[in-house]
Amino acid sequence: MSLAFVQKHAKPLKKITILGATGSIGRSTEAVIDGAPGVFEVVAVANGSDALGLARVARVLGAKFAAIADPAAYAELKAALAGSGIEAAAGPEALKQAACMESDLVVGAIAGAAGVEPTFAAIEAGRDVALANKECLVCAGEPFMRKARELGVRVLPMDSEHNAIFQALGGESADRIEKMWLTASGGPFREWSAERIAAATPEQALIHPNWAMGPKVTVDSASLMNKGLELIEAMHIFGIEANRLDVLVHPQSIVHGLVSFADGAVTAGMAVPDMKTPIAHCLGWPDRVTTRVRRLDLAQIGALTFEKPDFARFPALRVAMDALAAGGAMPTILNAANEVMVAAFLDKLIGFNEIASRVEAICELFEREGAHRAPPDVASALGVDHIVRERARASLEGLSR
Ligand code: NDP
Ligand code: MG
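These lines cover the structure that appears in this document, whether it is placed above or below. (Residues numbered from 1 in each chain as written. Chains lettered and ligands numbered in written order. Predicted model: local features only at pLDDT ≥ 70, side-chain atom pairs only at ≥ 80, totals over all residues. Heavy atoms only, no water.)

### Details of the coordination of the magnesium ion (ligand 2)
Filter applied, for reference: Only nitrogen, oxygen and sulfur atoms qualify as donors, provided they sit within 2.8 Å of the metal or within 3.2 Å for Na, K and Ca; with water excluded from the atoms, sites may seem incomplete. The cut-offs for exposure are 20% and 50% of the maximum accessible area for each residue type, with area from a 1.4 Å probe on protein chains only; residues under the lower value are buried, those over the upper are exposed, and the others partly exposed.
Coordination of the magnesium ion (ligand 2) by the protein involves D159 (OD), E161 (OE) and E230 (OE), with metal-donor separations of 2.1 to 2.2 Å. Taken in chain order, the donor set of the magnesium ion (ligand 2) reads D-x1-E-x68-E. Accessibility classification places D159 together with E161 in one group, the buried group.

This is the structure we're talking about:
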């Protein structure tokens, strides 16, 4: 075969932009791209404030554009990219610019509601999105998915449970399923007594038994708030109502999600707990990308176990399920309050159980004040997010370590 023939018939490289390129998901995305030479071309990378980390990943992946949210980090980013030919930019508009650049897929992997605006900008620009940043959908799920539908934009689920369910559905519509289960590992405190959980420190909450993740999602996993946020995420991604959604605690983290159908059939998505698998699935979709992820050896694992979640020891899950059932602005309020309380816990201002109790108190406060209406657009959702954060931070005033 001549080189000209190969070049003419070779598949074009798939163009990828990574929002949150220096985080845990960002680094795993880098590893998947790096492990599949000749498949992807990275257009742009973006992050929050780590200039050297962004410059490194931009160089390694050969990006053309690097955007950092923190304007104060611009000079360091520019200096670190000197001579590379990679354009540096800073500030919220630069993040949106990165999100909108011509690409085939934007990876949404910023942590927290900070990801809402740039990820939504990608959707508005008609870019398909692989979404890890669940807080986008908890904060502004309805307007987010409405815009995606309007513009024919695909939102591929990168979160492992949703990705497993997407694969378990095998192209069938979620209308046809009876029930959908997301699994939870149960986190580091699964077997702890209520008293021990109440005294848990950030250091203990940050050790996850099965997954290596960023700090916010790791604390959410320890409280099971993460599973509650993921139920809300599932409702928006798959267009399914709360009463068909459920949670199973599955300590081995091998089965990530299951769906059952009218004929009694149940299909499940399985893989070893490594985010590179759902990331590769999204990056490659509808093709498959080869990864070096450890292969699943069920005989070696031997037993897979499942149990119901314990709402008494893990009240954050119930608080989130209440917000899901209440609907309206409640998920937006829940998300903002939770981000503030997780940060306060990590700063050692509040105890572990106070994350759930304080989030619940804030949800009730806004409920009493009549904040029921679902935010009609992303700007309104961010407005609610802002007000809730201010109130949540005010409720912490006077506390010290
Ligand atoms: P990390 O904390 O490891 O990384 C967060 C990323 O977001 C970093 O690149 C960070 O940049 C960037 N960032 C933070 N603040 C801003 C901001 N204001 N503007 C722009 N970028 C910002 O988080 P994870 O990778 O663990 O998680 C990312 C998302 O994916 C979360 O929503 C999480 O729930 C979800 N997720 C994560 C999983 C995991 O295994 N890690 C699994 C499933 C979902 P910088 O480095 O400069 O701070
Ligand atoms: Mg998950």
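Back to the text.
### With respect to the site of ligand 1
We apply this condition: Each residue is tested against the molecule or strand, and it is near if at least one of its non-hydrogen atoms lies within 4 Å. Pairs of N or O atoms are called polar contacts if they sit within 3.5 Å, as long as, within protein, a hydrogen donor faces a hydrogen acceptor (for residues adjacent in sequence, only side-chain-to-side-chain pairs). All accessibility values rest on the Shrake-Rupley procedure with a 1.4 Å probe; residue burial counts only the protein chains present in the view. Each helix is a run of DSSP H or I of at least 4 residues and each strand a run of E of at least 2, with the numbering of both proceeding from the N terminus. The start and end points of each domain follow an automatic or database-based domain assignment.
Taken together, 26 residues lie near ligand 1, and T22, S49, D50, E135 and G214 sit nearest. A distance of 2.9 Å separates an oxygen atom of ligand 1 from a polar atom in the backbone of S24. For ligand 1, whose accessible area on its own is 890 Å², the fraction buried by protein is 83%. Looking at the shell around ligand 1, the elements with two or more residues in it are α2 (24-34) and α11 (215-223). Domain assignment of the residues forming the shell around ligand 1 places at least three in each of domain 1 (10-157) and domain 2 (161-394).

### Points about the packing of α2 against helix α13 (residues 276-284)
The condition that has to hold: Under this scheme, a helix contributes an axis fitted over its contacting stretch, all axes are lines through C-alpha atoms, and angles between N-to-C directions fall in the 0 to 180 degree range. Handedness of a helix crossing follows the sense of rotation of the near helix relative to the far helix, less than a right angle counterclockwise being left-handed and clockwise being right-handed. By definition, residues are in contact when any of their heavy atoms lie within 4.5 Å. Throughout this entry, Asp, Glu, Lys and Arg are counted as charged residues, while Ala, Val, Leu, Ile, Met, Phe, Trp, Tyr, Cys and Pro are counted as nonpolar. The remaining residues, Gly among them, count as polar.
Two elements in contact, α2 and α13, have axes separated by 9 Å at closest approach and are oriented at 65°. Where α2 crosses over α13, the handedness of that crossing is right-handed. Taken together, the residues of α13 that come into contact with α2 (itself represented by I25, S28, T29, A31, V32 and I33) are K276, I279, A280 and L283. Within the contact of α2 with α13, the residues separate by chemical class into 7 nonpolar, 2 polar and 1 charged.

### Regarding the pattern of salt bridges
Let me state the cut-off plainly: Should a side-chain nitrogen of Lys or Arg be within 4 Å of a carboxyl oxygen of Asp or Glu, the pair is scored as a salt bridge.
Applying the stated rule across the entire model yields 26 salt bridges. Two residues, E191 and R190, come together in a salt bridge whose shortest N-O distance is 3.9 Å. Judged by its relative accessible area of 67%, E191 falls in the exposed class. The class for R190 is partly exposed, based on a relative accessible area of 21%. For R389, the salt bridge goes to D385, with nearest N and O atoms at 2.6 Å. Separated by 4 residues within a single helix, R389 and D385 lie in helix α18 (residues 378-394), roughly one turn from each other. Bridged by salt links that share partners, the residues K134, D159, E161, K227 and E230 form one connected network.

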